[in-house]
Amino acid sequence: MAVYLNSPYSAGVAKRTPDGDLYQRPSARFAFTLIELLVVIAIIGILAALLLPTLSRAKAKALQVPCTGNLHQLSMSWHMYADDNHGKLVSVFYFTQGKVNTNAWVRGSMSDSSYYPRVEKGKLDSTNLNGIRLGSLFRYAASPGIYHCPADKSMTKGVQRVRSYSINGWMGGTSLPGQDQFQVYKRESDILRPSPANAWVFIDEHERFINDGWFAVDMVGDQGLLDAPATRHNNAYGLTFADGHAEIWKLRDPRTIHWDSLPVSNDPLNPDWQRLSAATTSLISP
C-alpha cells in the first residue's frame, strides 16, 4: 500500500519498497522544448523592435523640455544685455571684416574652420568653453551648460562640443548680399514686424553645419535654407522669440530633414523655409 507523504496534487509521492523502505518518486518537471524557446525569443525580439523606436521618440521628446529651458535662459540674457545697453541688441558676428569682434555674444566656431581665428591658440573652438565665457552674454548667462542642447551628441575627437545654439543673423547682425530691402534689427524697439511674439531670436542649429554664432536666413528664397535647423527632437527644433517665450517647431519637408549639403532647396517652395523666414524679419517700410 502506498504511503502518501504529500498531497496527490503536490510535486512528489512516496511509496514503500518491498524491503519496507520509503521511496520518493521524482517530481514531475516541466520544460520548454527548443522550438518553444525559439518562439519565445522571436516574440521578445518582435516586441523590442516595436517598442524601441517608441522609447527613443519618448526620450527625444523628454529632452525638449531642458532644451527649451536653455533657450529661454539665453533669451533672458539677451534681454538683460539690451536693458544694460540702452536697448541695443548684442552683436552676433564673431569674426567680421577680417577682425575678431570682442562684443559678439559668443566667440569661436563649432566647425573649427581655419577661416575663423582660434579663440585660444592651440585649442579647438568647438570644445573650448572660453569661447562661451568670453562672449558678451556670459555675464548674464554664466552657466556654460545652457549653451548646449542636451540632445546634441556631436563631439570633436571624443569631446562634447560646447554650443548648439545660434542667433538670428538679422537680429544685431547685417543683411545678406542683395537683400538690403529687409530690415536688420539693431535695437529692441526696432522689432515691430514681425511682432516680438512672432520674431525668433535663438535657434537650435543642426550639428552638421553649425559654425559661428549666427544663423543665416535667405529672405528672398532663391537660395533656400542657407543654414539648417536641428532635427534631433524627433525632426523638430527649438526657438525662442523676442518676447522671451520658447517653442518647438516640427519640420515638414523631407528635404529639410534628410539633406546632404546646404543650402536646402526651396524649389518647389519649402514650407520649413517659408515658416522660418516669415518669423525672421520683414521688408523695410517705405
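Residues numbered from 1 in each chain as written. Predicted model: local features only at pLDDT ≥ 70, side-chain atom pairs only at ≥ 80, totals over all residues. Heavy atoms only, no water.

A.B. asks: Before we move on, can you summarise the pattern of salt bridges with the specific residues and values?
C.D. replies: Going through the model one piece at a time under the given rule, you end up with five salt bridges. Across the pair Asp 152 and Arg 232 runs a salt bridge whose closest N-O atoms are separated by 4.0 Å. One end of the pair, Asp 152, is in the loop between α3 (130-133) and β5 (155-156); the other, Arg 232, is in the loop between β9 (214-215) and β10 (236-241), with 80 residues separating them in the sequence. Arg 232 matches Asp 152 in its accessibility class, with the two residues each being buried. Between Arg 232 and Asp 204 there is a salt bridge, with its nearest N and O atoms 2.4 Å apart. Taken together, the residues span a long stretch of sequence, with Arg 232 in the loop between β9 and β10 and Asp 204 in strand β8 (residues 200-204) at a distance of 28 residues. (Salt bridge = Lys/Arg side-chain N within 4 Å of Asp/Glu carboxyl O. Helix = DSSP H or I, 4+ residues; strand = E, 2+ residues; numbered from the N terminus. Buried < 20%, exposed > 50% of the residue type's maximum accessible area, 1.4 Å probe, protein only.)

A.B. asks: Please provide a residue-by-residue account of the side chain of Ser 109, values included.
C.D. replies: By secondary structure assignment, the location of Ser 109 is in the loop between β4 (99-100) and α3. Setting aside its immediate chain neighbours within four residues, Ser 109 contacts Tyr 116, Asp 125, Ser 126, Asn 211 and Asp 212. (Contact = heavy atoms within 4.5 Å.)

A.B. asks: If you had to explain the side chain of Asp 218 to someone new, which residues and values would you point to?
C.D. replies: With respect to the helices and strands, Asp 218 occurs in the loop between β9 and β10. As a buried residue without a salt bridge, Asp 218 has its nearest oppositely charged side chain in Arg 255, at a separation of 12 Å. At 3.1 Å, the side chain of Asp 218 forms a polar contact with the backbone nitrogen of Asp 222. Of note is the side chain of Asp 218, whose polar atom sits 2.7 Å from the backbone nitrogen of Gln 223. The residues contacting Asp 218, other than those within four sequence positions of it, are Leu 176, Gln 179, Gln 223, Gly 224, Leu 226 and Trp 273. (Lys, Arg positive; Asp, Glu negative; His and termini not counted. Polar contact = N/O pair within 3.5 Å; in protein donor to acceptor, adjacent residues only side chain to side chain.)

A.B. asks: How would you sum up a nonpolar patch on the surface? Please name residues and give values.
C.D. replies: A cluster of nonpolar side chains, contributed by Ile 35, Val 39, Ile 43, Ile 46, Leu 47 and Leu 50, occupies part of the molecular surface with about 600 Å² of accessible area. In this fold, Leu 47 is placed in helix α1 (residues 34-62). (Patch = residues over 30% accessible without salt bridge, like charges linked within 9 Å, V, L, I, M, F, W, Y side chains within 5 Å. Areas by Shrake-Rupley, 256 points an atom, 1.4 Å probe, with all protein chains shown as cover.)

A.B. asks: Residues and numbers for the pairing of β10, please.
C.D. replies: Where burial is concerned, most of β10 is hidden: six out of the six residues are buried. Residues Ala 236, Gly 238 and Thr 240 point to one face of β10 and Tyr 237, Leu 239 and Phe 241 to the other, with burial holding for every one of them. The pairing of β8 with β10 spans two bridges and is classified as antiparallel. What sits directly across from Trp 200, in β10, is Phe 241. (Pairing = 2+ DSSP bridges.)

A.B. asks: Explain the nonpolar core to me, and be specific about the residues and the numbers.
C.D. replies: In terms of nonpolar packing, the biggest core is built from 58 residues, with Trp 78, Tyr 147, Ile 167, Met 171, Trp 200, Phe 202 and Leu 276 touching the most fellow members. Elements with a contribution of two residues or more to this core: α2 (64-84), β7 (165-168), β8, β9, β10 and α5 (271-278). No other element matches α2, which puts five residues into this core. If we ignore the near neighbours within four places in the chain, the residues touching Ile 167 are Trp 78, Val 90, Val 92, Trp 105, Trp 200, Val 201, Phe 202, Gly 213, Trp 214 and Phe 215. (Core = buried A, V, L, I, M, F, W, Y, C linked by side-chain atoms within 4.5 Å.)

A.B. asks: Could you give me a rundown of the packing of aromatic side chains, with the residues and numbers involved?
C.D. replies: Within this structure, the stated rule accounts for 10 aromatic pairs. With 6.2 Å between their ring centres and 70 degrees between their planes, Trp 170 and Phe 182 make a pair best called edge-to-face. Of the two residues, Trp 170 sits in the loop between β7 and β8 while Phe 182 sits in the loop between β7 and β8, which places them 12 residues apart along the sequence. Its relative accessible area of 11% is what places Phe 182 among the buried residues. Judged by centre distance (5.8 Å) and plane angle (50 degrees), the ring pair of Phe 241 and Trp 249 falls under tilted. Phe 241 sits in the buried class, given a relative accessible area of 2%. (Phe/Tyr/Trp six-rings, centres within 6.5 Å; stacked < 30°, edge-to-face > 60°.)

The values are spatial; any link to function lies outside them.
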